[in-house]
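The chain contents come next:
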Amino acid sequence: MNQLKVLCAGALILLLQITLIDLISIHGIKPDLVVLFVISRAITEGPTAGVAWGFGLGILIDTLTGGITGLGTLAYSMAGFLGGRLGFGKVLTRTRYLTIIFSGSALVYFIFTYFLQPWDAAGWMTILLTNTFPGIFYTWIITLVWFYSPFGHFLSGRSRGQL
Amino acid sequence: MPGTSSRFHGQSLQPWIALLTAIAFSFTLMAVSDMKGTEIARERTCDILSVLARPFGIFPAILHLSSENARLRAENAALNIESTAAQEALLENERLRNLLDFRSKSKLNLRSAEVIATNPISGVRSLLLDIGTKQGAVKHTAVISDLGLVGKLVQTSEQTSVAQTLLDRNLGAAVRLSICRVNGITSWTGGNRLIVENIPASASVRLDEEVITSGLDGIFPEGIIVGKVVSTKKAPESLFLKVEVAPAVNFARLEEVFIVYPDSSGILQP
């Protein structure tokens, strides 16, 4: 995929995430396509590119939240770095790919939960159980569905034979 | 080979430098999050993103069109019947108010807005609306839908606004239980439910009892439907009940909302 195609894919993923993702939300839980994209790019292009993608998409997301600017950049940059460190230049098996996506999305969800939720133990546990863990799991399920779809190799940047 | 070694060293350090720079920038952005310049930059980006996101809004609208149509037809039929009775009651009420020299309560001035995008971040529940300061949107104004309370505006730019919804942990609304008339404050604790706290254990809260805004917070006008009571819990040692409320609004399927302008003239404007 050349850079322009990747850029368009990134923009499309962001627009899908902010506009249509509610159509597949379950009890307010929605998957995070952006983290899936950032980690996939990090695996393909390396951790530095992962950080750059994470920062770029994160800042766009931050502008839409009306909340803390800088939180999305922090979370997605770290996920991009993690994805690159764990996946770039390595033999990429399906299990490895799915594990990296799971770890990256868990990192993003935990950062958001940590920064956005007030610190009281009972409330935190409820948020973790009703929002954070289902969100991570849902993202992972979507990754799995995407991965086994005919378009799976577009996002991962590898041919189907390599995965 | 010194050249190869330093190149290798530089390559392995590069991601760490990128990460540290990104973290440093992120914390700087967090620190300047509330500054005027950041707000302006954010408003401009919102305006641009809203233009790009607008065409995508067609898809959910098409998908929900038939079910929405059926629901609206049924509602229309029911409302036709109700409206006749309500008109009569209103006229009677006006007459009685005039007789008693009551000051008529101020009515609400609503302005419709389209939901352009929703917030992708887990834990922050907000909506990007296609109404801005040019159309008179003001921060901390209540946002409602045809079904009930949605939230309030937290950010406004010329063309767009960001509304924080009731399913955001950081937004609470002053509410009243419609039958037992007890006041409380909503909070979100996960999932698609709200909790109303500070309800005395002695209050006789009923299931399916309507929860409405009390107007005591000075943001949400009185009498807007928030939801219905679905369960009550009381810890053995506590003096208060925890009332679980199912919001009247389906936050995942919001396409159009209304900004509420309190109208001191008392004239209801379309």
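Residues numbered from 1 in each chain as written. Chains lettered and ligands numbered in written order. Predicted model: local features only at pLDDT ≥ 70, side-chain atom pairs only at ≥ 80, totals over all residues. Heavy atoms only, no water.

## Considering the confidence of the model for chain B
All names here are of chain B. Per-residue pLDDT for chain B has a mean of 79; in total, 86% of the residues score no lower than 70. Confidence over residues 264-270 falls short of pLDDT 50; this stretch has seven contacts with residues more than four positions distant or in other chains. Across the predicted assembly, pTM comes out at 0.66 and ipTM at 0.81. (pLDDT = per-residue confidence, 0-100. Contact = heavy atoms within 4.5 Å.)

## Comments concerning the interface of chain B and chain A
Taken together, the contact pairs 49 residues of chain B with 49 residues of chain A. Buried surface at the junction of chain B and chain A, summed over both partners, amounts to about 4300 Å²; 68% is from carbon and sulfur atoms. Put simply, chain B and chain A have three residue pairs in polar contact (both at pLDDT 80 or more) between them. If you list the elements that add at least two residues to the side of chain B that touches chain A, you get α1 (2-31), α2 (36-53), α3 (58-100), β1 (108-118), β2 (126-129) and β4 (149-156) of chain B. Per-class residue counts for the side of chain B that touches chain A are 28 nonpolar, 18 polar and three charged. (Buried area = accessible area lost by both parts, 1.4 Å probe. Polar contact = N/O pair within 3.5 Å; in protein donor to acceptor, adjacent residues only side chain to side chain. Helix = DSSP H or I, 4+ residues; strand = E, 2+ residues; numbered from the N terminus. Nonpolar A, V, L, I, M, F, W, Y, C, P; charged D, E, K, R; others polar.)

## A few points about the sheet that holds strand β11 (residues 240-247) of chain B
All names here are of chain B. One closed barrel holds the six strands; their spatial order is β6-β7-β8-β11-β10-β9, and the pairing between them is antiparallel. Taking each pair of neighbouring strands and ignoring which way they run, the sheet shows an average axis angle of 40°. Bridge count for strand β7 (residues 183-188) against strand β8 (residues 194-200) is four bridges, and the pairing is antiparallel. Within β8, the position partnered with T186 by the bridge is V196. (Pairing = 2+ DSSP bridges. Axes fitted to C-alpha atoms, helices over the stretch in contact; angles between N-to-C directions.)

## Considerations on the layout of surface pockets
Residue and element names in this part refer to chain B. Within this model, the second largest pocket holds a volume of roughly 670 Å³. Along its surface, the second largest pocket is lined by 31 residues, and E68, R253, L254, E255 and E256 are the ones closest to its centre. It is α3 that provides the largest number of residues to the lining of the second largest pocket, a total of eight residues. Of the residues contributing to the lining of the second largest pocket, the split by class is 15 nonpolar, seven polar and nine charged. Both domains that meet at the lining of the second largest pocket, namely domain 1 (1-105) and domain 2 (109-168 + 254-261), each give it at least three residues. (1 Å grid on protein atoms, 1.4 Å probe; cavity = no way out; pocket = protein on both sides within 12 Å on 5 of 7 lines; lining within 4 Å. Points joined across faces, edges and corners; volume = space filled by probe spheres on them. Domains from an automatic or database assignment.)

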